[in-house]
Amino acid sequence: GAAVPAPAPAPAEAPVPAPATAPGPSTPAGASAVVEVAASSPGDVLLTLLVAQCASRAGVVRLTPPPAGDWGYPCAARTPAGPVVGDASVARYVARLHAPALLGAGAAEASCVDSWLAMSSALAPAGLAAALSEHLETRTYVVGFGLTLADLALWLRLRGKPPQATPLERWRHTVGDVAAPWLEAAAAAPAARAQRAAAAGAPADDGQFQRDGQGEMPGLEGAVDGEVVTRFPPEPSGYLHIGHAKACLLNNYYARRYKGQLIVRFDDTNPSKEKEEFEENIKADLETLGIVPDVVSHTSDHFELCYRLAKDLITRGLAYMDNTPQETMQDERLNMIESQRRNTPPDENMALFEALCKSSACGEWTEEQVHGFCLRAKIDMSSPNGTLRDPVLYRYNATPHHRTKTRYCAYPTYDFACPVVDSTEGVTHALRTTEYNDRD
């Protein structure tokens, strides 16, 4: 369709950075009022929660479960004049009470804020990004010379899109520096944490999950209320698909059902495939699904621990360095044949492993030859379970990691890192597909 024209440019003035909290007039009358918002999950009211954080009064918004029956609304606030429906409208209401500067200075700015709020929900992301990028060529903020509700709404809508060297990307960084900490604080606020108990299914009258009756999910073996910890560990090497959504919703369901915790852990052990862009898009997709994790972590947070544990295995003779070609190794594992290097002394294995992690030569082995080694666990090559036939624990990878850069030159495999990190982070129930049955 025809391009939607951007609002007319503001008068040419030097841009003024927004302060860390909402600028503007003193607290208006009625600012002490607590706004009750009925919503199925915190993901339905992110803009409202951002406004509450901006006002430095996170407690001014109280989330409640939606009424029973055919709800039909993403969220609705109770006001003396009647219900206010939709995140943008509720956010405007909270801003009028607690952060009026977010609505713009004067009638013209307020109208422009309203216009951009309407565009943020009406336009497809590509069209919205194009219109906004052109609009921001001579501006620091979308409306006027400070942060407004329009900036927050548009940032939420576009922040998961691939970065571009445009005014849009400059604006995203400017707004994100302020809004991202607010969003993190909003996820941890009491309002959001209380609402998570109902995020994965219809709540009972007392706000708890129904555990009996037709259509309910089976219980978790050994689950104790308040102690269940589940995790969703996507690799940031692509975009989420329907299978990921199923896995995450299932883990979220059980964490909420047992009043426990959901960890979203980015399994970033293969720098050749991973990008920060994918991680940001995954976070945005989780918000779309209404999932607010209790903890966000990375496997790379635990690289040093994995490295120490690998060296301990080598010292105890439970792991060895192997340079058997990949196809030969696959055949040997299939036919239960031990590697020729399986009984190499621990001292030699340790020297090779440290050289692999530093990308250096080692004794008779050149640097390039060292790259051909991997670290394997010394388990049982005669086991009927193929996963126990000396699996690979560490591999060389020269690609700089998007978080740890060039600190490491070898990285733990999923089979090694996942149980280590699950244990460290206190995961009680790891829900996995049948392809992992051999690893149970």
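Note that residues are indexed from 1 along each chain, following the sequence as it is written. In keeping with the predicted nature of the model, local features appear solely for residues at pLDDT of at least 70, side-chain atom pairs appear and are counted solely at 80 or more, and the whole-chain, interface and lining totals rest on all residues. For side-chain calculations, the full set of non-hydrogen atoms in the structure is used, while hydrogens and water are omitted.

## Examining the environment of Val264
Mapped onto the secondary structure, Val264 falls in strand β6 (residues 261-266). Under the relative-accessibility criterion, Val264 is labelled buried at 1%. Considered as a pair, Val264 and Arg231 are 33 residues apart in the sequence and their alpha carbons are 5.7 Å apart. Setting aside chain neighbours within four positions, we find Val264 in contact with Phe232, Leu286, Pro293, Val295, Val296 and Ser297. Helical segments are the DSSP runs of H or I of at least four residues, strand segments are the runs of E of at least two, and each set is numbered from the N terminus. Relative accessibility decides the category of a residue: with a 1.4 Å probe and only protein chains considered, values under 20% of the type maximum give buried, values over 50% give exposed, and everything between is partly exposed. Any pair of residues with heavy atoms lying within 4.5 Å of one another is described as a contacting pair.

## A look at the sheet that holds strand β3 (residues 75-79)
Any two strands with at least two DSSP bridges between them are considered paired. As summarised here, the arrangement of the four strands in space is β2-β1-β3-β4, forming an open sheet in which the pairing is mixed. Since the sheet does not close on itself, it has two edges, and those belong to β2 (61-64) and β4 (82-85), each with one partner. When the angles between neighbouring strand axes are averaged without regard to direction, this sheet yields 30°. Where strand β1 (residues 35-39) meets β2, four bridges bridge the pair, whose relative direction is parallel. Looking at the pairing, Ala38 lines up with Thr64 of β2. Comment: axis = line fitted to C-alpha atoms, over the contacting stretch for helices; angle = value between 0 and 180 degrees taken between N-to-C directions. Each of β1, β2, β3 and β4 is contacted by helix α2 (residues 87-98), which is oriented at about 35° to β3, the strand it contacts most.

## Focus: the pairing of strand β9 (residues 374-377)
Because side chains alternate across β9, one face comprises the buried residues Cys374 and Arg376, and the other comprises Leu375 and Ala377, equally buried. The pairing of strand β8 (residues 319-322) with β9 spans four bridges and is classified as antiparallel. Looking across to β9, one finds that Met321 is bridged to Leu375. Relative to strand β10 (residues 392-396), β9 runs antiparallel, the two being bridged by two bridges. Of the residues in β10, the one forming a bridge with Leu375 is Tyr394.

## Observations concerning the side chain of His302
Structurally, His302 is set in the loop between β7 (295-298) and α10 (303-315). Taking the relative accessible area as the measure of exposure, His302 reaches 14% and is therefore buried. In this structure, His302 is in contact with Val421, Thr424 and Glu425, ignoring residues within four places of it in sequence.

## Some remarks on the confidence of the model for the protein chain
A score between 0 and 100, pLDDT records how confident the predictor is in each residue. Chain-level pLDDT for the protein chain is 82 on average; 80% of the residues reach the 70-or-more range. The low-confidence segment residues 7-31, where pLDDT is below 50, has 38 contacts with residues more than four positions distant or belonging to other chains. Of the regions scoring below 50 in pLDDT, residues 196-214 engages in 34 contacts with residues more than four places distant in sequence or in other chains.

## Considerations on helix α1 (residues 46-54)
Here α1 lies mainly inside the structure; nine of its nine residues are buried. Along α1, the positions that sit buried rather than exposed are Leu46, Leu47, Thr48, Leu49, Leu50, Val51, Ala52, Gln53 and Cys54.

## Things to note about the packing of α10 against helix α14 (residues 414-424)
Contact pair α10 / α14: the axes reach a minimum separation of 11 Å and the direction vectors enclose 115°. Comparing their axes, α14 and α10 come out roughly perpendicular. Viewed along their axes, α10 and α14 form a crossing whose handedness is right-handed. Together, Leu305, Cys306, Leu309, Ala310 and Leu313 of α10 and Phe416, Ala417, Val420 and Thr424 of α14 make up the contact between the two elements. Here the residues of the contact of α10 with α14 sort into eight nonpolar, one polar and no charged. Roughly parallel means an angle under 35 degrees; roughly antiparallel, over 145; roughly perpendicular, 65 to 115; everything else is oblique. Crossings are assigned a handedness: left-handed for a near helix turned anticlockwise from the far helix by less than a right angle, right-handed for a clockwise turn. Residues are grouped as follows: Ala, Val, Leu, Ile, Met, Phe, Trp, Tyr, Cys and Pro are nonpolar; Asp, Glu, Lys and Arg are charged; all remaining types, including Gly, are polar.

## Here we look at the sheet that holds β8
In space, the four strands of this open sheet follow the order β8-β9-β10-β11, with antiparallel pairing throughout. The open sheet terminates on both sides in strands that have one partner only, identified here as β8 and β11 (410-412). Across the sheet, the mean angle separating the axes of adjacent strands is 20° when strand polarity is ignored. Against the sheet, helix α12 (residues 346-358) contacts β8, β9, β10 and β11, and its axis sits at roughly 65° relative to β8.

## Some remarks on the pattern of salt bridges
We define a salt bridge as a side-chain nitrogen of Lys or Arg found within 4 Å of a carboxyl oxygen belonging to Asp or Glu. Applying the stated criterion across every chain, the model contains 18 salt bridges. Linking Glu279 and Lys283 is a salt bridge whose minimum nitrogen-to-oxygen distance equals 3.6 Å. Note that Glu279 and Lys283 are positioned in helix α9 (residues 276-288) at a spacing of four residues, about one turn of the helix. On the accessibility criterion, Glu279 (5% relative accessible area) is buried.

## Regarding the packing of aromatic side chains
Aromatic rings from Phe, Tyr and Trp, with only the six-membered ring used for Trp, were paired whenever their centres fell within 6.5 Å, and each pair was classed as stacked if the ring planes differed by under 30 degrees, edge-to-face if by over 60, and tilted otherwise. All chains considered together, the criterion is met by eight aromatic pairs. On the numbers, 5.0 Å between centres and 75° between planes, the contact of Tyr253 with Tyr254 is edge-to-face. The exposure classification of Tyr253 matches that of Tyr254, with both residues buried. With a centroid separation of 5.1 Å and an interplanar angle of 80°, the aromatic rings of Trp365 and Phe373 are classed as edge-to-face.

## Regarding the pairing of strand β5 (residues 229-232)
Alternating positions in β5 separate into two faces, Val229 and Arg231 on one and Thr230 and Phe232 on the other, with burial throughout. In this structure, β5 lies alongside β6, joined through four bridges in parallel fashion. By the bridge assignment for β6, Val229 is matched with Gln261. As a crossover connection, the stretch from β5 through helix α8 (residues 242-257) into β6 is right-handed. When the strands point away from the viewer, a crossover counts as right-handed if the path from the first strand over the helix to the second runs clockwise.

## Concerning the nonpolar core
Counting residues in hydrophobic clusters, the biggest one holds 54 residues, and the most contacted among them are Val37, Trp116, Leu132, Val142 and Trp171. Ranked by residues supplied to this core, first place goes to helix α5 (residues 149-158) with eight residues. When near neighbours in sequence (up to four residues on either side) are disregarded, Leu132 contacts Trp116, Val142, Leu154, Leu158, Leu168 and Trp171. Within the second largest apolar cluster, 25 residues are counted, among which are Ala310, Met321, Leu375 and Ala417. Nonpolar cores are built from buried Ala, Val, Leu, Ile, Met, Phe, Trp, Tyr and Cys residues. Side-chain atoms within 4.5 Å join them into one set.

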